[in-house]
Amino acid sequence: DTSVRASLPWRWPRSVMEAPMSLEERRVVTRLSTPIDFDDDGKQCDFIRLPHSVHRSAYGYLPIPLVCIKNGDGPTVLLMSGNHGDEYEGQVTLSKLCQTLEPADINGRVIILPMANYPAALAGLRTSPIDGGNLNRSFPGQPDGTVTQQIAYYIQSELMERADYMLDLHSGGSSLDYVPSAILGGDLATETFARRLAMAEAFGAPFTFIFPAGPPSGVASESAVERSTLAFGTEMAGSGTVTPAALRICERGVRNVLAHLGVLDQSAYEAPETPTRLVRASDMKFFSYAPEVGLFEPVVELGDIVQAGQLAGRVHTPETPWRAPSEVRFEADGFVVCKRIPGRVERGDCVFHLGADFDPDAIQ
Ligand code: ZN
């Protein structure tokens, strides 16, 4: 039964009714709950309920859609999109999957969270209109924090905790356009890095991006990897819209990863036209920024090959049109993998980001 079971009583992940709990114990229990029983075989479509007491609804909750499909004891894969609400390719891909994927198709368990930051996704915004929170900078979250922090905590403690693998579908959103890419960061020397890279290569995007490990950033896939969930992310185009070309790559990629992990039959794997090209962005020299407020004139396009010192664009000030524009120059050799979309810029806005070929022999 895939109908919404809104009338059923829901349960907390760890029921406060089952055993007396100290205040300390209760402080680390998520406030979010769902009627879905993750141990049940079959297909369950329902909501995570986030208690949200506001003027117009004193006992209300935010309904975050969730689908759990289980068949036997195979691996668990968490598929997530809408972590940033204005990134749409993943939300379309996972909505279609919620409609088409059935228990008989799979071996194991697929947990699908298409609108992870539900308030942001509903508003078509990167961040939450409720608290301004950026979910993908909020992990591992807090059980008693803001709405966004509570969502992060639930995903980390209840969903990642159950998942052997996770795929977090992002794209450039409203302000960026990306060449469709798989993305993974972290320590190249670990055994799990090779397995994560194999997952990302199975996804089969035109590019697979590798970032070096940095300080903790609150990113979901980083938090998952710290908890032994093998994870990677994507950047599937963007510009605040959906293109058929990027959507095809995204839909094929999700099925390919499920087939790679043995959750779908091997016959579901569809080889991409060209193997993914491994690229890296080793440091901040691969990122170009607007030096001041104004109107940005780019002089290169996505995919262009550029060199350090080459002109990237100009920042004009049409409010003082007789003033000469300031120049933005690239600081590394590479090719353009990401560009800014809105024309108006402020100092500190990223206008381009480059990639350079990655040598897989570096992973030893
Ligand atoms: Zn994103």
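Residues numbered from 1 in each chain as written. Predicted model: local features only at pLDDT ≥ 70, side-chain atom pairs only at ≥ 80, totals over all residues. Heavy atoms only, no water.

Caption draft 1: Expanded view of the pattern of salt bridges. With the rule as written, the count across this model stands at 16 salt bridges. One salt bridge in this structure joins Asp-41 and Lys-70, with 3.4 Å as the shortest N-O distance. Of the two residues, Asp-41 sits in the loop between helix H1 (23-27) and strand E1 (42-51) while Lys-70 sits in strand E2 (residues 61-71), which places them 29 residues apart along the sequence. For Lys-70, a relative accessible area of 12% puts it in the buried group. Between Glu-102 and Lys-43 there is a salt bridge; the shortest N-O distance is 3.2 Å. With Glu-102 in the loop between helix H2 (89-100) and strand E4 (108-113) and Lys-43 in strand E1, this pair connects stretches of sequence that are 59 residues apart. Using a relative accessible area of 33% as the deciding quantity, one classes Glu-102 as partly exposed. Lys-43 sits in the buried class, given a relative accessible area of 8%. (Salt bridge = Lys/Arg side-chain N within 4 Å of Asp/Glu carboxyl O. Helix = DSSP H or I, 4+ residues; strand = E, 2+ residues; numbered from the N terminus. Buried < 20%, exposed > 50% of the residue type's maximum accessible area, 1.4 Å probe, protein only.)

Caption draft 2: How the structure looks around the nonpolar core. Among the nonpolar cores identified, the biggest contains 38 residues, and Leu-79, Ile-112, Phe-203, Phe-232 and Leu-258 are the most heavily contacted of them. With 6 residues, the top contributor of residues to this core is helix H7 (residues 244-260). Each residue touching Ile-112, except ones within four places of it in the same chain, is listed here: Pro-65, Leu-66, Val-67, Ile-69, Leu-79, Leu-94, Leu-97 and Cys-98. (Core = buried A, V, L, I, M, F, W, Y, C linked by side-chain atoms within 4.5 Å. Contact = heavy atoms within 4.5 Å.)

Caption draft 3: Local environment of the environment of Arg-277. Note on placement: Arg-277 falls in strand E10 (residues 277-280). Spatially, the C-alpha atom of Arg-277 lies 9.2 Å from that of Gly-204, the residues being 73 residues apart in sequence.

Caption draft 4: Fine view of the coordination of the zinc ion. Within the protein, the zinc ion binds to His-84 (ND1), Glu-87 (OE), Glu-87 (OE) and His-170 (ND1); these donor distances fall in the range 2.0 to 2.3 Å. One can describe the site at the zinc ion as irregular: its 4 donor atoms subtend angles covering 57 to 146 degrees at the metal. Here the donor residues for the zinc ion map to a single chain with the spacing H-x2-E-x82-H. Of this pair, His-84 sits in the loop between strand E3 (76-80) and H2 while His-170 sits in the loop between strand E5 (165-168) and strand E6 (176-178), and the two are 86 residues apart along the sequence. Look at His-84 and you get buried, because its relative accessible area is 3%. We classify His-170 as buried; its relative accessible area is 7%. (Donors = N, O, S within 2.8 Å, 3.2 Å for Na, K, Ca; no water. Tetrahedral: all angles 85-135°; square planar, octahedral: opposite > 155°, others 65-115°.)

Caption draft 5: Expanded view of the packing of helix H5 (residues 191-203) against H7. Orientation of H5 relative to H7, taken along the N-to-C sense of each, is 135 degrees, at an axis distance of 7 Å. Comparing their axes, H7 and H5 come out oblique. Both H5 and H7 take part in a crossing whose hand is right-handed. Two secondary-structure elements touch here, H5 through Ala-198, Met-199, Ala-202 and Phe-203 and H7 through Ile-249, Cys-250, Gly-253, Val-254, Asn-256, Val-257 and His-260. Residues belonging to the contact of H5 with H7 are distributed by class as follows: 8 nonpolar, 3 polar and no charged. (Axes fitted to C-alpha atoms, helices over the stretch in contact; angles between N-to-C directions. Parallel < 35°, antiparallel > 145°, perpendicular 65-115°, else oblique. Left-handed = near helix turned anticlockwise from the far one by under 90°. Nonpolar A, V, L, I, M, F, W, Y, C, P; charged D, E, K, R; others polar.)

Caption draft 6: Seen up close, unusual backbone geometry. Of the consecutive residues Phe-139 and Pro-140, the connecting peptide bond is found in the cis state with omega at 5 degrees. Inspection of the secondary structure puts Pro-140 in the loop between helix H3 (118-123) and helix H4 (147-159). The residue Ser-228 is not glycine, and still its phi comes out positive at about 70 degrees. Residue placement: Ser-228 occurs in the loop between helix H6 (220-226) and strand E9 (230-235). Relative accessible area serves as the criterion here: at 64%, Ser-228 is assigned to the exposed category. Even without being a glycine, Ala-237 presents a positive backbone phi close to 105 degrees. By the secondary structure assignment, Ala-237 is in the loop between E9 and H7. You can call Ala-237 buried: its relative accessible area is 8%.

Caption draft 7: Expanded view of the packing of aromatic side chains. On inspection of all chains with the given rule, the structure shows 5 aromatic pairs. Relative to Phe-232, the ring of Phe-203 has its centre 5.9 Å away and its plane inclined at 80 degrees; by these criteria the two rings are edge-to-face. In this pair, Phe-203 is assigned in helix H5 and Phe-232 in strand E9, connecting sequence segments 29 residues apart. By relative accessible area, Phe-203 is classed as buried at 0%. Ring centres of Phe-330 and Phe-352 lie 5.6 Å apart, and the angle between their planes is 50 degrees; on these two criteria the pair is classed as tilted. On the criterion of sequence distance, the pair formed by Phe-330 in the loop between strand E15 (326-329) and strand E16 (334-340) and Phe-352 in strand E18 (residues 350-357) is long-range, its members being 22 residues apart. Like Phe-330, the residue Phe-352 is buried in the burial classification. A connected cluster of aromatic rings, assembled from ring pairs, spans Phe-296, Phe-330 and Phe-352. (Phe/Tyr/Trp six-rings, centres within 6.5 Å; stacked < 30°, edge-to-face > 60°.)

Don't take any of this as a statement about function, it's just geometry.
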